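Here is what each chain is made of, one letter per residue.
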Amino acid sequence: MTRRSGRPPTSLTKTGFGQEELRRNNLSALLTRVHLHGAISRASLTRELGLNRSTIGALATELEELGLVTERQPAAVRQSGRPSLVLEPRRDNVAVAVDIGVDRIVTGLVALGGDVLHRRERAHAPGEHDVEHVIESAAQMVEEVLATHPGRCLGIGVSVPGAVRDTDGLVRFAPNLGWIDQPFTELFSQRVGARVFTGNDANLGVLAEHLRGAAVGHGNVGYVNGSVGIGGGFLVGGVPLSGARGYAGEVGHLLVDGSSTLQCRCGNVGCWETKVGENQLLVRAGRLSGGGPEGVAEVIAAADSGDERAIEALDEVGQWIGVGLRAVINVFNPEVIVLGGSMAALWEARQDVVDKTLDRWTLMSPRSDVIIRASAFGLDSPWRGAAEMVFAPVLADPASVLELGAQALVTSR
Ligand SMILES: [Zn+2]
């Protein structure tokens, strides 16, 4: 997605495009409009996209023939004269989203237009898992959801907690699953016989928050996802920050404590995620590691009811959250930072501690200049973003749906 904001472009009639490209861009603008913002009349589209009535009519008819939208009479007619038809996305075009988590696999079915039709999760033991086993388990879940929801599947989007090479969807490094250089996208596509798009969980999280969540309307966004590890996804000037190969944003491995001897899974010491990861909090509060978000919620509840050890653990983690966020804010100068996963719950429990740490260094990036918010989707942002990753090529070129089913297409971002 290279859109600068959630709004469709409005200046596509300007010169610089050939006729064919112009038509494709207008189709894209119209479909993107109804996908992100819902049903709209032809008359409103005429005003919003700056195109004349006959052009809108022709585009709407083409999208209808492609099976992507339907047109209906408006529910109530307020003005005299011919009522303007209302366009809406066809919900039988679906994306299957999969989140390969550290301790669970989540599948979601999302309709064109953004409605979530189905969600389920299957827990597994935290730790390293064979890539073939993970693919088999996820494929079974995908097949189940598709069997109960007939429709046109536009593809399968997968979120993984690791670095994904953008050229071919190879998972370069996913330490919490024990994967190094796994051709995940290719293997999963072969198994399910459909086109598969794979992305890093935090990069997909920032996409979901930007399009439909806590960062709508903002072009400079940081999304920090906390679980066992800490991931970061960034939007700079409305464009996803990917880096040379797609590995940018690994803020979990920022050095925040030079005196630490605790080794990170990346091999270094003093990384941010060794200070604020879920297991750090759990162990610090006198519990066993591996409790996941539920374990974090228990520590917060214990602190609220006066458990001294839980209070100390939360205060300490809150301070380290502030230290890391300060670095993130100074490097990226975001308008909004969205906190996802367990990081959201920790921040909500210790906002005062986080703010105090941030306020200690006010010279470059005053706390008042940045909005910090919890994710709009809780733990679900990555797979919500994975669904949007599937929709993206169809929104960019609606006629490309005609090629679906002809051949399994393996791609990634
Ligand atoms: Zn590290």
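Residues numbered from 1 in each chain as written. Predicted model: local features only at pLDDT ≥ 70, side-chain atom pairs only at ≥ 80, totals over all residues. Heavy atoms only, no water.

J.: In this structure, what is going on with the overall build of the chain? I would like to understand it.
T.: Scanning the chain from N- to C-terminus turns up 13 helices and 17 strands. Taking 22 Å as the expected radius of gyration for a compact globule of 413 residues, we find that the chain reaches 23 Å, a close match to that expectation. Seen through its principal axes, the chain has C-alpha atoms that stretch 70 × 50 × 40 Å. Considering only contacts within the chain whose residues lie at least 6 apart along the sequence, 65% involve residues at least 24 apart. Summed over all atoms, the accessible surface of the chain reaches about 17,900 Å², with 50% contributed by carbon and sulfur. (Helix = DSSP H or I, 4+ residues; strand = E, 2+ residues; numbered from the N terminus. Rg over C-alpha atoms; globule rule 2.2 N^0.38 Å. Contact = heavy atoms within 4.5 Å. Areas by Shrake-Rupley, 256 points an atom, 1.4 Å probe, with all protein chains shown as cover.)

J.: What should I look at first to understand the coordination of the zinc ion in this one?
T.: Four donors placed tetrahedrally about a metal ideally form angles of 109.5 degrees, and six donors placed octahedrally ideally form angles of 90 or 180 degrees. Distances from the zinc ion to its protein donors, His-253 (ND1), Cys-264 (SG), Cys-266 (SG) and Cys-271 (SG), fall within 2.0 to 2.3 Å. Considering all 4 donor atoms around the zinc ion, the spread of angles at the metal, 104 to 122°, places the coordination shape in the tetrahedral class. All donors of the zinc ion come from a single chain, and their spacing in sequence reads H-x10-C-x1-C-x4-C. (Donors = N, O, S within 2.8 Å, 3.2 Å for Na, K, Ca; no water. Tetrahedral: all angles 85-135°; square planar, octahedral: opposite > 155°, others 65-115°.)

J.: What am I meant to see in the sheet that holds strand E8 (residues 163-164) here?
T.: Across a sheet, paired strands are connected by hydrogen bonds in the backbone, their directions being either parallel or antiparallel. Pairing in this open sheet of 3 strands is antiparallel, and the strands run E8-E9-E10 from one edge to the other. Edge positions in the open sheet fall to E8 and strand E10 (179-182), since each of these has one partner strand only. Taken together, the 2 bridges between E8 and strand E9 (residues 171-174) define a ladder with antiparallel strand orientation. Bridging from a neighbouring strand, Val-164 pairs with Val-171 of E9. (Pairing = 2+ DSSP bridges.)

J.: What am I meant to see in the sheet that holds strand E2 (residues 69-72) here?
T.: Here we have 3 strands laid out as an open sheet, ordered E1-E3-E2, and antiparallel in their pairing. Single-partner strands in this sheet number two, and they are strand E1 (40-41) and E2. In terms of strand pairing, E2 meets strand E3 (residues 86-89) through 4 bridges, oriented antiparallel. By the bridge assignment for E3, Glu-71 is matched with Leu-87. Where helix H1 (residues 19-37) meets the sheet, its contacts fall on E1, E2 and E3, and the angle it forms with E3 comes to roughly 75°. (Axes fitted to C-alpha atoms, helices over the stretch in contact; angles between N-to-C directions.)

J.: How should the nonpolar core be read in this particular structure?
T.: Across soluble globular proteins, nonpolar side chains have a tendency to be buried as a group. Grouped together as the largest cluster of nonpolar side chains are 35 residues, with contacts concentrated most on Trp-272, Leu-325 and Leu-339. Going through the elements one at a time, strand E13 (230-236), helix H8 (278-284), helix H9 (292-304), helix H10 (308-332), strand E15 (336-341), helix H11 (342-349) and helix H12 (351-359) are the ones with two or more residues in this core. With 10 residues, the single largest contributor to this core is H10. The contact partners of Leu-325, leaving out residues within four places of it in the chain, are Val-224, Trp-272, Ile-337, Leu-339, Val-354, Leu-358 and Ile-372. (Core = buried A, V, L, I, M, F, W, Y, C linked by side-chain atoms within 4.5 Å. Buried < 20%, exposed > 50% of the residue type's maximum accessible area, 1.4 Å probe, protein only.)

J.: What is the right way to read the packing of aromatic side chains from this model?
T.: The way to describe two aromatic rings as a pair is by their centre distance and the angle between their planes. Applying the stated rule across the entire model yields 3 aromatic pairs. With centroids separated by 5.6 Å and ring planes inclined at 25°, the aromatic side chains of Trp-179 and Phe-184 adopt a geometry described as stacked. Among the residues examined, Trp-179 registers a relative accessible area of 1% and is labelled buried. Members of the aromatic cluster, each reached through a chain of ring pairs, are Trp-179, Phe-184 and Phe-188. (Phe/Tyr/Trp six-rings, centres within 6.5 Å; stacked < 30°, edge-to-face > 60°.)

J.: Looking at this model, I keep getting lost on the environment of Leu-314. Mind explaining?
T.: With respect to the element layout, Leu-314 can be found in helix H10. Among the residues examined, Leu-314 registers a relative accessible area of 1% and is labelled buried. Along the chain, Leu-314 and Val-276 lie 38 residues apart, while their C-alpha atoms are 9.6 Å from each other. Apart from the residues lying within four places of it in its own chain, the contact partners of Leu-314 are Leu-281, Ile-300, Ala-303, Leu-346, Ala-349 and Arg-350.

J.: Can you help me understand the pairing of strand E4 (residues 93-100) in this one?
T.: Walk down a regular strand and you will see the side chains alternate between the two sheet faces. E4 sits mainly inside the fold: 8 of its 8 residues count as buried. Burial of the side chains of E4 extends over both faces: Asn-93, Ala-95, Ala-97 and Asp-99 are buried on one face and Val-94, Val-96, Val-98 and Ile-100 on the other. Pairing of E4 with strand E7 (residues 152-160), which is carried by 7 bridges, proceeds in the parallel orientation. Residue pairing across strands places Val-96 opposite Ile-156, the latter belonging to E7. In the sheet, E4 pairs with strand E5 (residues 104-111) via 7 bridges, with the strands oriented antiparallel. What sits directly across from Ala-97, in E5, is Gly-108. In sequence, E4 turns back onto E5 through a hairpin of 3 residues.

J.: Just to check I follow, could you spell out empty space enclosed by the protein for this structure?
T.: Over the atoms rolls a probe the size of a water molecule, and its path tells where empty space is left. Counting across every chain of the model gives 4 cavities of 30 Å³ or more. Here the largest cavity defines a volume of roughly 340 Å³. Lining the largest cavity are 26 residues, and of these Asp-99, Gly-101, Val-102, Asp-103 and Ser-227 lie nearest its centre. Elements with a contribution of two residues or more to the lining of the largest cavity: E4, E5, strand E6 (116-123), strand E12 (221-226) and H9. Its residues assigned to classes, the lining of the largest cavity comprises 9 nonpolar, 9 polar and 8 charged. (1 Å grid on protein atoms, 1.4 Å probe; cavity = no way out; pocket = protein on both sides within 12 Å on 5 of 7 lines; lining within 4 Å. Points joined across faces, edges and corners; volume = space filled by probe spheres on them. Nonpolar A, V, L, I, M, F, W, Y, C, P; charged D, E, K, R; others polar.)

J.: Just to check I follow, could you spell out the packing of H1 against helix H13 (residues 381-396) for this structure?
T.: Each packed pair of helices is defined by two parameters, the angle between the axes and the distance between the axes. Contact geometry for H1 and H13: axes closest at 8 Å, N-to-C directions at 145°. Residue-level inspection shows Arg-24, Ser-28, Leu-31, Thr-32 and His-35 of H1 in contact with H13, the latter providing Glu-388, Phe-391, Val-394, Leu-395 and Ala-396. For the contact of H1 with H13, a count of residues per class yields 5 nonpolar, 3 polar and 2 charged.

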